[in-house]
Structure formats: structure tokens, C-alpha cells
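Results of the structural survey
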Amino acid sequence: MSRNKLLLVLLGSSLLAGCAADYLHNYDTMTLASGDAQKANELLQTVDPYNPASNNTKIEGDGARAVAVVQKYKVPPPPAPATNMTVNVGSSGVSEPATASQ
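The sections below set out a description of the structure shown in this document. (Residues numbered from 1 in each chain as written. Predicted model: local features only at pLDDT ≥ 70, side-chain atom pairs only at ≥ 80, totals over all residues. Heavy atoms only, no water.)

**Digging into the overall build of the protein**
The condition is simple: Only DSSP runs of H or I reaching four residues or more are called helices, and only runs of E reaching two or more are called strands; each is numbered from the N terminus. Three labels apply to residues, based on accessible area from a 1.4 Å probe with only protein chains included: buried if under 20% of the type maximum, exposed if over 50%, partly exposed otherwise in between. For every accessible area listed, the method is Shrake-Rupley and the probe measures 1.4 Å; residues are considered covered only by the protein chains on display.
Assigned secondary structure in the protein consists of three helices and zero strands. Along its sequence from the N terminus, the protein presents helices and strands in the succession α-α-α. Residues counted as buried form 0% of the 102 residues belonging to the protein. Accessible surface computed for the protein: about 11000 Å², of which carbon and sulfur atoms make up 60%.

**Focus: a nonpolar patch on the surface**
The test is simple: Note on patches: the residues involved have over 30% relative accessible area and no salt bridge, like charges join within 9 Å, and the nonpolar side chains Val, Leu, Ile, Met, Phe, Trp and Tyr join within 5 Å. For this document, the term salt bridge refers to a Lys or Arg side-chain nitrogen within 4 Å of an Asp or Glu carboxyl oxygen.
Nonpolar side chains collect at one region of the surface, where Leu6, Leu7 and Leu10 lie side by side and expose about 280 Å² of accessible area between them. Tracing the backbone through its elements, the reader meets Leu7 in helix 1 (residues 3-19). Of the residues examined, Leu7 reaches a relative accessible area of 48% and is grouped as partly exposed.

**Thoughts on helix 3 (residues 63-74)**
Formally: One less than the residue count of a helix, multiplied by 1.5 Å, gives the span that helix is expected to have.
When the terminal C-alpha atoms of helix 3 are compared, their 16 Å separation across twelve residues agrees well with the 16 Å that a helix rising 1.5 Å per residue should span. Burial analysis of helix 3 places just zero of its twelve residues in the buried class, a small minority of the element.

Below is the structure:
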């Protein structure tokens, strides 16, 4: 058998084996959702499953406060005032010799 024929046979068999992979994913075990049929049927037959307060379309809110918040984000705050203050922190650049303590 030539090398090309062998490669063709291997390629064809690997393609056919790839189609059978989905069949191998079917297991004879139970899933985590098994046993929920009674609860699912109960929820399907519920007359009004929503919260009674969900029908309230009057949403309370403070319009003036909402406008103030929007304006706060639209208009950038003024820059902080510049101060002419110099703060020196640290030594004056003169280093002292280290002494060994006993």
C-alpha cells in the first residue's frame, strides 16, 4: 500500500470516527435536574407567578435630585485653588555617620 493511500484511509476513518463521538456522549446516568418534574409542573400551573407589587407602575422618585446628579456628571467641577506653599520633608542632605551600638 502506498503512503498516499494509507494517509487517505487514515483520514477517512478519522472523519467517520468523529461522527460517532456524539453518540458516545449519551450516558445511562441521572442528571442534576432529575426529580424536578413536580416542581416544574407546579410552576407551569400557577395562576399569577409574579410579585403583586410588580403591577405598580408609579415609581417613586425625586426629580430635582435626579437632575442635580445628571448636572454633576455633565459639568466638570471647578479646579482646586492653587496654593503657594512649599513643604520640605526629610533631611537637609547632610548625612551623619552610623554608629554601632553594643
